[in-house]
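# A closer look at the structure
If you want the building blocks of each chain, they are given just below.
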Amino acid sequence: MKAIALAAIAAAILATSALADDKVSVQLDYVVRGNHAMFFVAQAKGYFAKQGIDVTAIRRGTGSPNAMRLVGNGNAEFGFGDLPTLALARSQGVPVVALAAVNQHSPLGMLALASKHKLAKPQDLKGLNLGVQPSGSTYVFLTAFLAANGMTMNDIKQSTVTPPYENYLLLGRVDAVPGYIDAEVPELEAKAGGPGSLSIMQGSDFGYIVYGSGLFTSEKMIAEHGDIVQRFVNAYMEAFADVITSPQEAADIIIKANPEYADKKDVLVKQIEADVRHTFFSNDTQANGIGWMTEDTWRKSIRLLVDQGAMKQSIEASKVFDDKYIAAAKPLKR
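Attention shifts here to the pairing of strand β8 (residues 176-180). For β8, a buried count of five out of five residues is recorded, marking the element as mostly surrounded by other parts of the structure. Judged by which residues are buried, β8 turns out to be covered on both faces: Ala-176, Pro-178 and Tyr-180 on one side and Val-177 and Gly-179 on the other are all buried. Where strand β5 (residues 108-113) and β8 come together, five bridges link them in antiparallel fashion. Bridge pairing in β8 places Met-110 opposite Pro-178.

What follows is the structure in structure tokens.
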């Protein structure tokens with residue numbers, strides 16, 4: 001009888017283990033922003049749990065390059081960051097793979113205080129003192145953006161800044177900074193005097209035609225745990241659709257998970273709404289679903305980065321992304 005009882009206990013333990021959710025962690029590129037909402041929404045609404053996934057941590061970051069390295073090294077299973085920076089990381093041997101292009105158009109642009117400098121064309125930057133973070137997505141953008149418009153770093157003055165580098169602009173220590181229109185702009189406007197207080201020049205309007213930020217994982221996760229990758233993407237895309245339709249709810253969920261953001265609900269909502277207006281949708285998302293990526297667009301993006309000196313050597317576009325997971329998730333078409 002004792003042997004039978006022990007066998008029953010062992011069987012119960014094995015059964016419980018088999019049913020246990022797969023534990024993963026997420027590495028963000030920076031502090032929490034509106035376009036990170038999908039992770040928190042999927043967590044709060046049980047979409048990850050429904051897919052048999054336990055997200056043990058959603059960690060804030062110090063920039064896209066570090067997020068790529070941490071995921072590539074296996075310190076996190078999934079990450080979020082600037083996709084041109086991911087292509088650059090791949091060219092440097094970091095084994096990360098894009099799963100979804102959340103921002104179909106890059107939200108990066110040049111920002112200045114409207115009361116001091118009007119930015120109508122790239123040449124308006126000549127001679128200005130720009131706040132530059134030497135290693136990060138904004139630096140990749142700045143070098144490529146200048147080159148795309150017949151300029152180099154020699155045409156500007158540079159001041160090395162550290163996050164949160166936007167404060168240097170508010171304090172008047174620099175004339176302009178590269179930044180995200182879906183992240184820095186709502187936050188800066190709230191501090192600088194409201195809508196219209198900033199002069200904004202979006203890169204995608206002046207030759208910087210690349211994907212923005214997105215979801216990624218490592219080659220090892222795809223090779224060894226493709227089923228987890230698929231289930232994670234399923235939950236993420238379900239949450240993505242909710243964020244699009246309910247920015248207010250998404251902001252509330254972010255704040256519940258991050259109480260220190262309680263006084264920033266308006267900023268979070270504006271960040272999401274800016275993405276809905278400017279970056280989430282394209283002809284590809286209308287035809288195939290939100291987050292969609294194509295090899296042609298990746299090839300053009302890589303060529304742009306190489307031609308303009310942001311990337312030292314080219315890589316195969318097919319190595320940078322994997323679209324089978326998002327295709328199987330059947331994302332919202334819009």
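The rest of the description comes next.
Following the criterion strictly, the structure yields two cavities of 30 Å³ or more and no others. Its volume calculated, the largest cavity comes out at about 150 Å³. If you list the elements that add at least two residues to the lining of the largest cavity, you get α4 (64-72) and α6 (137-148). Among the residues forming the lining of the largest cavity, the class breakdown is five nonpolar, eight polar and three charged. As a volume, the second largest cavity reaches approximately 30 Å³. Together, Val-32, Glu-187, Tyr-261, Lys-264, Val-267, Leu-268 and Gln-271 line the second largest cavity. Top contributing element to the lining of the second largest cavity by residue count: helix α12 (residues 265-278), with three residues. Considering only residue class, the lining of the second largest cavity consists of four nonpolar, one polar and two charged.

Counting buried positions along strand β3 (residues 78-82) yields five of five residues, so the element is predominantly enclosed. Of the strand pairs in this sheet, strand β1 (residues 22-27) and β3 are connected by two bridges, and their pairing is parallel. Bridged to Val-26 within β3 is Phe-78. Two strands pair when backbone bridges link them, and β3 and strand β10 (residues 213-218) are joined in this way by five bridges, in the antiparallel orientation. Its bridge partner lying in β10, Gly-81 is registered against Gly-214.

If you check which residues of helix α11 (residues 247-257) are buried, you get Pro-247, Ala-250, Ala-251, Ile-253, Ile-254 and Ile-255. Looking at the buried side of α11, the elements it contacts are α2 (37-44), α10 (226-245) and α12.

Here we come to the side chain of Asn-258. Topologically, Asn-258 is positioned in the loop between α11 and α12. Assessed through its relative accessible area of 7%, Asn-258 is described here as buried. Other than its neighbours up to four places away in sequence, Asn-258 contacts Val-32, Phe-40 and Arg-60.

This part is about the sheet that holds strand β4 (residues 96-100). An order of β2-β1-β3-β10-β4 is seen for the five strands of this open sheet, with the pairing classed as mixed. If you trace the sheet from one side to the other, it starts and ends with β2 (53-59) and β4, each paired once. On average, each strand axis in the sheet is inclined to that of its neighbour by 30 degrees, with strand direction left out of account. Lying over the sheet, α2 contacts β1, β2, β3 and β10, oriented at roughly 140 degrees with respect to β2. Those strands touched by α10 are β1, β2, β3, β4 and β10, and its axis lies near 60 degrees from that of β1.

Calculation rules
- Residues numbered from 1 in each chain as written.
- Predicted model: local features only at pLDDT ≥ 70, side-chain atom pairs only at ≥ 80, totals over all residues.
- Heavy atoms only, no water.
- Buried < 20%, exposed > 50% of the residue type's maximum accessible area, 1.4 Å probe, protein only.
- Helix = DSSP H or I, 4+ residues; strand = E, 2+ residues; numbered from the N terminus.
- Pairing = 2+ DSSP bridges.
- 1 Å grid on protein atoms, 1.4 Å probe; cavity = no way out; pocket = protein on both sides within 12 Å on 5 of 7 lines; lining within 4 Å.
- Points joined across faces, edges and corners; volume = space filled by probe spheres on them.
- Nonpolar A, V, L, I, M, F, W, Y, C, P; charged D, E, K, R; others polar.
- Contact = heavy atoms within 4.5 Å.
- Axes fitted to C-alpha atoms, helices over the stretch in contact; angles between N-to-C directions.

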